[in-house]
Amino acid sequence: MTALTAKAAEPAPPPPPPPDARAPARRHGVELTLLAGAVLISVLGYLSVGIAATGHIPRPAARYAGGLAAAALLAHLAVRLRAPSADPLVLPIAFLLNGLGLVLIQRLDVTTPGHLTAGDQLRWSGLGLALFVLVVALLRDHRALQRYAYLSVAAALALMLVPVFFPAVNGAHIWIRFAGFSFQPGEFAKILLAVFFAAYLAANRTALALNGRRLFWRLKLLPGRVLGPILAIWLLSVGVLVLERDLGTSLLFFGLFVIMLFTATGRIGWIAIGLLLAALGAYAVGTFEPHVNSRVDDWLNPFASIERGEGPDQLAQSLFAFGAGGLLGAGLGHGQSFLIGFAAKSDFILATAGEELGLVGLTALLLLYGLLVSRGFRAGLALRDPFGRLLATGLASIIALQVFVIAGGVTGLIPLTGMAMPFLAQGGSSVVTNWIIVALLVRLSDSARRPRPGEAEPAL
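Residues numbered from 1 in each chain as written. Predicted model: local features only at pLDDT ≥ 70, side-chain atom pairs only at ≥ 80, totals over all residues. Heavy atoms only, no water.

Unoccupied space between atoms shows up once a probe the size of one water molecule is rolled over them. The space that makes up the second largest pocket amounts to roughly 400 Å³. Forming the boundary of the second largest pocket are 16 residues, of which Tyr46, Pro58, Pro60, Tyr64 and Gln106 lie nearest the centre. At the level of elements, α2 (19–54), α3 (61–82), α4 (90–110) and α5 (118–138) are the ones that each hand at least two residues to the lining of the second largest pocket. At 5 residues, the largest contribution of residues to the lining of the second largest pocket is made by α2. Tallied by class, residues from the lining of the second largest pocket come to 10 nonpolar, 5 polar and 1 charged. (1 Å grid on protein atoms, 1.4 Å probe; cavity = no way out; pocket = protein on both sides within 12 Å on 5 of 7 lines; lining within 4 Å. Points joined across faces, edges and corners; volume = space filled by probe spheres on them. Helix = DSSP H or I, 4+ residues; strand = E, 2+ residues; numbered from the N terminus. Nonpolar A, V, L, I, M, F, W, Y, C, P; charged D, E, K, R; others polar.)

Structure follows, in structure tokens:
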């Protein structure tokens, strides 16, 4: 009895700290560890390229490694201070993809000494990371973007229209060039259109829930006053892109529109209509547009130029590169993908990865893209506000559509469209835009994972 009384008199042990008090440190440790791994892999790739080309370690290796490490640490600190609950996988995946892209471009520079682009890509990547830090630091709440929906769409249409007045490059009016400087404004337009679509569909979610008028079977037409404005904006943007002959971005915007409309309405019929309209549009453009028609012919018979005695064209060289890579690849610096020509560093850089890293390396790259997209979708599912949910879905879909269109084109699954592989391919506008998308996904995931009072921090 005395022992029981003494035991009862002992003070109760302090309660354990709530799970969300411990989780942030563990999550930041995961992000920092993964970033260190991304830097290490990128540096090892850089060393492999240098040794394969010259037989010794390149001199600026230490400076290159230090620069990558400093950039990774700066981005990590920005996330830790301004988005402490953000998904710890998003930034390391983007950093690793960007680092591997720099390695592949450096490897192709070795065999094209008259056309060096790795330095420019490194500077554009630095600018993209700086904008990433600025967006994470300055945008404290993603819902602030909802107020600028119509300003976003006006700016997007202006950005898409301006290149029409500049000379075409490789058959497309998508570049603005002046004073030795060039960029693709359409790359920035895709973010602005995603903001507009998300804001407009979120604001009209009540009307979107209405039954509407039945067309056939279970498909019902949305009210015209709701669907009309957004459909007009989409048609106008795609029309401008067709005028510029930028069919890859046209396909991207079409897919973005259909995916976000399906996400907002939950009606699978819009996916069926989207696929039907895409097929009809592709047939019409492929029939009447000579530039696209030639790409369709190359897709249907990629070895026709060889049969005519003209030698392999770019698509045939790409397929040869994938075949030569085998399972484990030829090794960095030991492939022949530079024979593809001027597009080896942009449209066809995935062929270099397939030849020198093999099927294993190519699969790892595609899995990284898939993981990045899935984290964006996961953030969208966890967000409580309709605008954030739609915006996260739209931004993740932009990356997914680009990867599908480009990977499908260079492997012969679909006709080539001429886009840049996110982070991997040469293209300053592309890499800067994709870093902004990653910054927005970090901000959205921070809002999605931030625990309410009494809730535990979500697991990885």
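It is worth spelling out α3 at this point. If you check α3, its first and last C-alpha atoms are 32 Å apart, about what 22 residues at 1.5 Å a residue would give, namely 32 Å. Turning to α3, its buried residues number three or more, namely Ala61, Tyr64, Leu68, Ala72, Ala75, His76, Ala78 and Val79. Buried residues of α3, seen end-on, are gathered within an arc of 155 degrees and therefore sit on one face of the element. Turned more than 90 degrees away from the buried face of α3 sit Ala62, Arg63, Leu74 and Leu81, all of them exposed. (Expected span 1.5 Å × (residues − 1). Buried < 20%, exposed > 50% of the residue type's maximum accessible area, 1.4 Å probe, protein only. Arc of directions from axis to C-beta.)

Turning to the nonpolar core, a few remarks are in order. Grouped together as the largest cluster of nonpolar side chains are 113 residues, with contacts concentrated most on Phe95, Phe132, Leu395, Leu424, Trp435 and Val442. Looking at which element gives the most residues to this core, the answer is helix α16 (residues 386–410), with 14 residues. Contact partners of tryptophan 435, with chain neighbours within four places excluded, come to Leu91, Ala94, Phe95, Asn98, Ser125, Gly128, Leu129, Phe132 and Phe423. (Core = buried A, V, L, I, M, F, W, Y, C linked by side-chain atoms within 4.5 Å. Contact = heavy atoms within 4.5 Å.)

Tallied over the full model, the rule gives 1 cavity of 30 Å³ or more. There is about 50 Å³ of room inside the largest cavity. Taken together, Asp347, Val405, Ile406, Gly409, Val410, Leu416, Thr417, Gly418 and Met419 make up the lining of the largest cavity. Residue composition of the lining of the largest cavity, grouped by class: 5 nonpolar, 3 polar and 1 charged.

So, on to the packing of aromatic side chains. Using the criterion set out here, one finds 8 aromatic pairs in the structure. Look at phenylalanine 196 and phenylalanine 197: their rings are 5.8 Å apart centre to centre, the planes differ by 50 degrees, and that puts the pair in the tilted class. For phenylalanine 197, a relative accessible area of 1% corresponds to the buried category. Aromatic pair phenylalanine 196 and tyrosine 200: ring centres 5.8 Å apart, planes at 35 degrees, arrangement tilted. Pair noted here: phenylalanine 196 and tyrosine 200 are both in helix α7 (residues 185–203), with a separation of 4 residues, about one helical turn. A relative accessible area of 1% places phenylalanine 196 in the buried class. Three or more aromatic residues joined by ring pairs make a cluster, and in this case those are Tyr150, Phe196, Phe197, Tyr200 and Phe257. (Phe/Tyr/Trp six-rings, centres within 6.5 Å; stacked < 30°, edge-to-face > 60°.)

Moving on, we come to the side chain of serine 318. Structurally, serine 318 is set in helix α14 (residues 314–325). In this structure the side chain of serine 318 is engaged in a polar contact, spanning 2.8 Å, whose partner is the backbone oxygen of valine 410. (Polar contact = N/O pair within 3.5 Å; in protein donor to acceptor, adjacent residues only side chain to side chain.)

Tallying each qualifying case throughout the model produces 9 salt bridges. Linking arginine 375 and aspartate 87 is a salt bridge whose minimum nitrogen-to-oxygen distance equals 2.7 Å. Within this pair, whereas arginine 375 is found in helix α15 (residues 349–382), its partner aspartate 87 is found in the loop between α3 and α4, the two being separated by 288 residues in sequence. Given the relative accessible area of 9%, arginine 375 is considered buried. Residues arginine 107 and glutamate 356 are paired through a salt bridge, measuring 2.3 Å at the closest nitrogen-oxygen approach. Here arginine 107, found in helix α4, pairs with glutamate 356, found in helix α15; they are 249 residues apart in sequence, far enough to count as distant. (Salt bridge = Lys/Arg side-chain N within 4 Å of Asp/Glu carboxyl O.)

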